[in-house]
Amino acid sequence: MIWNPSEGIHLGPITIRFYSLMFVIAFGLGWYIMKKIFEKEKESIEKLDTLFIWTVIATLIGARLGHVFFYDWEYFRNHPAEILLPFKFQPEFQFTGFAGLASHGAAIAIIITMYFYSTKIIKRPLLWVLDRVVIPVSCGAVFVRIGNFFNSEIIGKETTSQFGVRFLRDQFSAEDAINLTKLGNADEAYHAIATDPNFANILAQVPLKHPAQLYEAFFYIFVFLILVFLYVKTDYKEKHGLLFGFFLVLLWTVRFFVEKVKESQGGIEESLGLFSTGQWLSIPFIVVGIVFIFLAQKPLPDDIYKNDDNPNKLF
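Predicted model only: the values in this text are computed from it and were never measured.

*Asks:* An account of the overall build of the chain is needed here, citing residue identities and associated values.
*Replies:* The secondary structure content of the chain amounts to 14 helices and 7 strands. Among the 315 residues that make up the chain, the fraction classed as buried is 45%. Of all intrachain contacts in the chain linking residues separated by at least 6 positions in sequence, the fraction that spans at least 24 positions is 69%. As presented, the chain carries roughly 16,500 Å² of accessible surface, and 64% of it is formed by carbon and sulfur atoms.

*Asks:* An account of the packing of aromatic side chains is needed here, citing residue identities and associated values.
*Replies:* Per the counting criterion, the structure on display carries 17 aromatic pairs. Relative to Phe 23, the ring of Tyr 19 has its centre 5.2 Å away and its plane inclined at 75 degrees; by these criteria the two rings are edge-to-face. You can see Tyr 19 and its partner Phe 23 sitting in helix α1 (residues 18-40), 4 residues apart, about one turn around the helix. Each of the two residues, Tyr 19 as well as Phe 23, counts as buried. Taken together, a centroid distance of 5.2 Å and an interplanar angle of 75 degrees make the contact between Phe 218 and Phe 222 edge-to-face. Here Phe 222 and Phe 218 lie together in helix α10 (residues 212-233), a separation of 4 residues that amounts to about one turn. Since its relative accessible area comes to 46%, Phe 218 is described here as partly exposed. With relative accessibility at 42%, the residue Phe 222 sits in the partly exposed group. An aromatic cluster is built from Trp 3, Phe 18, Phe 149, Phe 150 and Phe 167, whose rings are joined through pairwise contacts.

*Asks:* Tell me what's going on with the sheet that holds strand β6 (residues 165-167), and back it up with residues and numbers.
*Replies:* Strand order in this open sheet of 3 strands is β1-β6-β7, and the pairing throughout is mixed. With one partner strand each, in any of the chains shown, β1 (2-3) and β7 (208-209) form the two edges of the open sheet. The pairing of β1 with β6 spans 2 bridges and is classified as parallel. Of the residues in β6, the one forming a bridge with Trp 3 is Phe 167.

*Asks:* Any details on unusual backbone geometry? Residues and values, ideally.
*Replies:* Phi is positive for Ser 152, close to 55 degrees, though the residue is something other than glycine. Relative to the helices and strands, Ser 152 is located in the loop between α5 (126-150) and β6. Despite not being glycine, Lys 182 has its phi angle at roughly 65 degrees, a positive value. If you trace the backbone, Lys 182 turns up in the loop between α7 (174-181) and α8 (186-195).

*Asks:* Lay out α8 with the relevant residues and their values.
*Replies:* Of the residues making up α8, those classed as buried are Ala 186, Ala 189, Tyr 190, Ala 192, Ile 193 and Ala 194. At the N-terminal boundary of α8, the capping side chain belongs to Asn 185, with an oxygen 2.8 Å from the backbone nitrogen of Asp 187.

*Asks:* Break down α5 for me, with residues and values.
*Replies:* Note on helix geometry: an α-helix contains 3.6 residues per turn, so any two residues three or four positions apart are oriented the same way. When the terminal C-alpha atoms of α5 are compared, their 35 Å separation across 25 residues agrees well with the 36 Å that a helix rising 1.5 Å per residue should span. A bend of about 30 degrees at Val 134 is the largest found in α5, and the proline Pro 136 appears one to four places after it. Among the 25 residues that make up α5, 21 are buried, leaving the element largely enclosed by the rest of the structure. Immediately downstream of α5, the backbone of Ser 152 shows phi near 55 degrees, a positive value.

*Asks:* I'd love a proper account of the side chain of Arg 124, names of residues and values included.
*Replies:* Tracing the backbone through its elements, the reader meets Arg 124 in the loop between α4 (103-122) and α5. Among the polar contacts made by the side chain of Arg 124, one reaches the side chain of Glu 43 at a distance of 2.8 Å.

*Asks:* Lay out the environment of Ile 155 with the relevant residues and their values.
*Replies:* Residue position: Ile 155 is located in the loop between α5 and β6. Overall, the relative accessible area of 4% leaves Ile 155 in the buried class. Along the chain, Ile 155 and Val 261 lie 106 residues apart, while their C-alpha atoms are 8.6 Å from each other. In this view, Ile 155 contacts Phe 167, Asp 170, Lys 209, His 210, Ala 212, Gln 213, Lys 262 and Glu 263; residues no more than four positions away in its chain are not counted.

What counts, and at which threshold
- Within each chain, residue numbers correspond to sequence positions counted from 1 in written order.
- Side-chain atom pairs in this predicted model are given and counted only at pLDDT of 80 or more, local residue features only at pLDDT of at least 70, and totals for whole chains, interfaces and linings cover all residues.
- Side-chain measures here rest on the full set of heavy atoms in the structure, leaving out hydrogens and waters.
- Per the convention used, a helix needs a DSSP run of H or I reaching at least four residues, while a strand needs a run of E reaching at least two, with both numbered from the N terminus.
- Each residue's exposure class comes from its accessible area (1.4 Å probe, protein chains only) as a fraction of the maximum for that residue type: buried when under 20%, exposed when over 50%, partly exposed otherwise.
- Any two residues whose heavy atoms approach within 4.5 Å at even a single point are treated as in contact.
- Under the convention used here, a 1.4 Å probe and the Shrake-Rupley method define accessible areas, while residue burial counts only the protein chains that appear.
- Under the pairing criterion, centres of Phe, Tyr and Trp rings, with the six-membered ring standing for Trp, must be within 6.5 Å; the plane angle then separates stacked pairs below 30 degrees from edge-to-face pairs above 60, leaving the rest tilted.
- Whether two strands pair depends on DSSP finding at least two bridges between them.
- Pairing of N or O atoms within 3.5 Å defines a polar contact, subject to two protein rules: one partner must be a possible hydrogen donor and the other a possible acceptor, and residues neighboring in sequence count only if both atoms are side-chain atoms.
- In this scheme, a helix's expected span is set at 1.5 Å multiplied by one less than its residue total.
- Two axes enter the definition of the bend at a residue: one is fitted to the seven residues ending there, the other to the seven starting there, and the bend is the angle between them.

Geometric descriptors of this kind do not, in isolation, establish any biological role.
So, in structure tokens, the structure goes:
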């Protein structure tokens with residue numbers, strides 16, 4: 001398979017990038033799923049708006065900071081202004097967007113944000129919130145990875161398997177594609193490399209690689225379906241921390257094993273060795289998930305803790 005998607009949907013001077021569109025779909029579906037949960041739990045939909053806004057902000061900021069500190073601190077320690085700005089100032093000013101987001105950072109930020117949401121807004125125990133919010137989060141993870149696939153990022157190692165994909169935009173930058181084909185437009189240049197026999201020798205330079213993003217997206221679908229089943233068909237939601245624990249174990253186990261076929265993204269693996277950075281960062285989440293599964297307990301009735309001054313005492 002030759003993968004050469006356009007950067008997005010062109011609407012005159014405006015381009016809606018597929019990666020951004022996947023985020024919109026993820027958050028939109030997340031809001032819809034939580035709306036159904038709130039209705040089932042007889043919670044005010046007004047509180048859902050606050051949850052949605054806080055989750056979006058936490059996801060973006062946490063994912064960005066996660067990339068900065070876990071994967072590329074050596075660069076950003078010398079370029080701190082670029083951490084939260086979509087610009088690069090050296091060697092020359094350039095608009096880059098936020099090219100670098102890490103799901104581990106997003107997970108930490110969401111958990112912290114849910115603590116304040118549970119305390120200040122919904123007045124429910126933190127684990128009650130986490131047990132429910134992980135359902136739309138697992139669904140959103142599917143679309144985020146599809147967005148990574150459109151962006152030709154977080155790709156896998158070289159392979160000879162039938163699942164191999166030639167990621168043109170990973171192999172050649174836009175400038176490289178233009179220089180190699182002598183065409184004036186990057187999209188035209190990539191298209192020519194992919195389809196024109198005259199550029200077959202250039203296409204042959206693009207190795208087949210695992211579409212690791214699609215592997216993750218595929219298995220995250222099952223994580224989502226399992227959590228939905230446990231919430232709807234069992235009494236697991238009545239034990240605080242149980243669904244949250246299953247989410248941590250399932251999702252980060254998928255991440256741990258898919259990391260085996262991913263290209264290195266740098267980070268702490270350079271000093272720790274043995275595992276990739278993504279694998280090292282997944283292990284603590286898995287361990288914490290196992291702890292929550294074994295320690296999950298059925299809480300007191302809602303009417304006892306909902307009006308309590310300290311809703312998180314049952315954490």
